Amino acid sequence: MPRAGLTTERVVAAAADLADETGFESVTVSALARRLGVKDASLYTHVRSLRDLRVRMALLAGGELIEEIAEAVAGRAGKEALAAFAGAYRAYALSHPGRYAATQVRVDRPVAADSPALRRTAEITYGMLRAYGLGEPDLTDAVRLLRSTFHGYCALEAAGAFGAPRDVQASWDRAVDALHVALEHWPSGG
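Conventions we followed
Residues numbered from 1 in each chain as written. Predicted model: local features only at pLDDT ≥ 70, side-chain atom pairs only at ≥ 80, totals over all residues. Heavy atoms only, no water. 1 Å grid on protein atoms, 1.4 Å probe; cavity = no way out; pocket = protein on both sides within 12 Å on 5 of 7 lines; lining within 4 Å. Points joined across faces, edges and corners; volume = space filled by probe spheres on them. Helix = DSSP H or I, 4+ residues; strand = E, 2+ residues; numbered from the N terminus. Nonpolar A, V, L, I, M, F, W, Y, C, P; charged D, E, K, R; others polar. Expected span 1.5 Å × (residues − 1). Axes fitted to C-alpha atoms, helices over the stretch in contact; angles between N-to-C directions. Parallel < 35°, antiparallel > 145°, perpendicular 65-115°, else oblique. Left-handed = near helix turned anticlockwise from the far one by under 90°. Contact = heavy atoms within 4.5 Å. Core = buried A, V, L, I, M, F, W, Y, C linked by side-chain atoms within 4.5 Å. Buried < 20%, exposed > 50% of the residue type's maximum accessible area, 1.4 Å probe, protein only. Phe/Tyr/Trp six-rings, centres within 6.5 Å; stacked < 30°, edge-to-face > 60°.

We now examine the layout of surface pockets. As a volume, the largest pocket reaches approximately 1,100 Å³. Lining the largest pocket are 29 residues, with T103, L118, T121, V143 and R147 sitting closest to its centre. Among the elements of the structure, α4 (50–73), α5 (78–95), α7 (109–113), α8 (116–130) and α9 (138–158) are those that each provide at least two residues to the lining of the largest pocket. In the lining of the largest pocket, the residues fall into 18 nonpolar, six polar and five charged. By volume, the second largest pocket is sized at about 160 Å³. Along its surface, the second largest pocket is lined by R48, S49, R51, D52, V55, R56, L59, D108 and V111. For the lining of the second largest pocket, the class distribution of residues is three nonpolar, one polar and five charged.

The next thing to look at is unusual backbone geometry. Residue P137 is reached from E136 by a cis peptide bond, and omega for that bond is 5°. Within the element layout of this structure, P137 appears in the loop between α8 and α9.

A word on α4. Along an α-helix, residues three or four positions apart point the same way, because every turn accommodates 3.6 residues. If you check α4, its first and last C-alpha atoms are 34 Å apart, about what 24 residues at 1.5 Å a residue would give, namely 34 Å. G75, located one to two residues past α4, shows a positive phi value of around 80°.

What follows is about the packing of α5 against α9. At a minimum axis distance of 10 Å, the contact between α5 and α9 shows a crossing angle of 40°. Comparing the axis directions of α5 and α9 gives the class oblique. Where α5 crosses over α9, the two elements pack in a sense that is right-handed. Residues L82, F85, A86, Y89, R90, A93 and L94 of α5 form the contact with α9, whose participating residues are L146, R147, F150, H151, Y153, C154, E157 and A158. Among the residues forming the contact of α5 with α9, the class breakdown is 11 nonpolar, one polar and three charged.

Our focus in this paragraph is the nonpolar core. Of all hydrophobic cores here, the largest spans 33 residues; its most connected members are I69, L82, L129, L146, F150 and L183. Among the elements of the structure, α4, α5, α8, α9 and α10 (168–184) are those that each provide at least two residues to this core. Beyond its immediate sequence surroundings of up to four residues, L82 is in contact with M128, Y132, L146, F150, V176, L179, H180 and L183. Counting 23 residues, the second largest nonpolar core, distinct from the first, contains A19, V29, V47 and V105.

Our next topic: the packing of aromatic side chains. Inspection of the entire model under this criterion finds six aromatic pairs. Pairing F150 with W172 gives two aromatic rings, centres 5.6 Å apart and planes at 40°, and the pair type is tilted. Of this pair, F150 sits in helix α9 while W172 is found in helix α10, placing the two residues 22 residues apart along the sequence. F150 gets classed as buried once you look at its relative accessible area, which sits at 2%. Judged by relative accessible area, W172 falls into the buried class, the value being 4%. Aromatic pair Y153 and F162: ring centres 4.7 Å apart, planes at 45°, arrangement tilted. The class of Y153 is buried, set by a relative accessible area of 12%. Pairwise contacts between aromatic rings join F85, Y89, Y100, F150, Y153, F162 and W172 into one cluster.

Contact pair helix α1 (residues 8–22) / helix α2 (residues 29–36): the axes reach a minimum separation of 10 Å and the direction vectors enclose 105°. In terms of orientation, α1 lies roughly perpendicular with respect to α2. In this structure, α1 uses V11, A14, A15, D17, L18 and E21 to contact α2, whose residues at the interface are A31, L32, R35 and L36. Its residues assigned to classes, the contact of α1 with α2 comprises seven nonpolar, no polar and three charged.

Here it is as structure tokens:
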């Protein structure tokens, strides 16, 4: 019988909070049970396994992230939308490190197809890129370029890996400028 007041949503939210505090990899069923003051077995009423918990965390965090991005890009297009998208992405990654790490979990296709958050992510991202006149397969390639650039930059910044005296924000802004130029001059014939 589930513990009163404990729901799947609360369990996943508590796991996400724990990830932000202690790191994504430190979230285990045992650590989460200790945080919630229950036995490990109690959590299996709400999640099937650690993998299931992590996928649920990924979906939660992905939903939060895309909502922040959607709000930032609303009513914008082109470079302005790209800069707003990038800024919201980076802000979320840096302010929610454990949740952000969860967004990197591979989600199986059937689960992804059933996720409103992941569908919204595709809609917002592809919509922004269509303003650059891109169609498939260029859209997919551009999404991969943006994701790898944003993720790489955020991961390096979070790790303190940028040691040069140049302001990190100034470098970020230049990277976004460079991405805008690349998207405007996307090579044809892919």
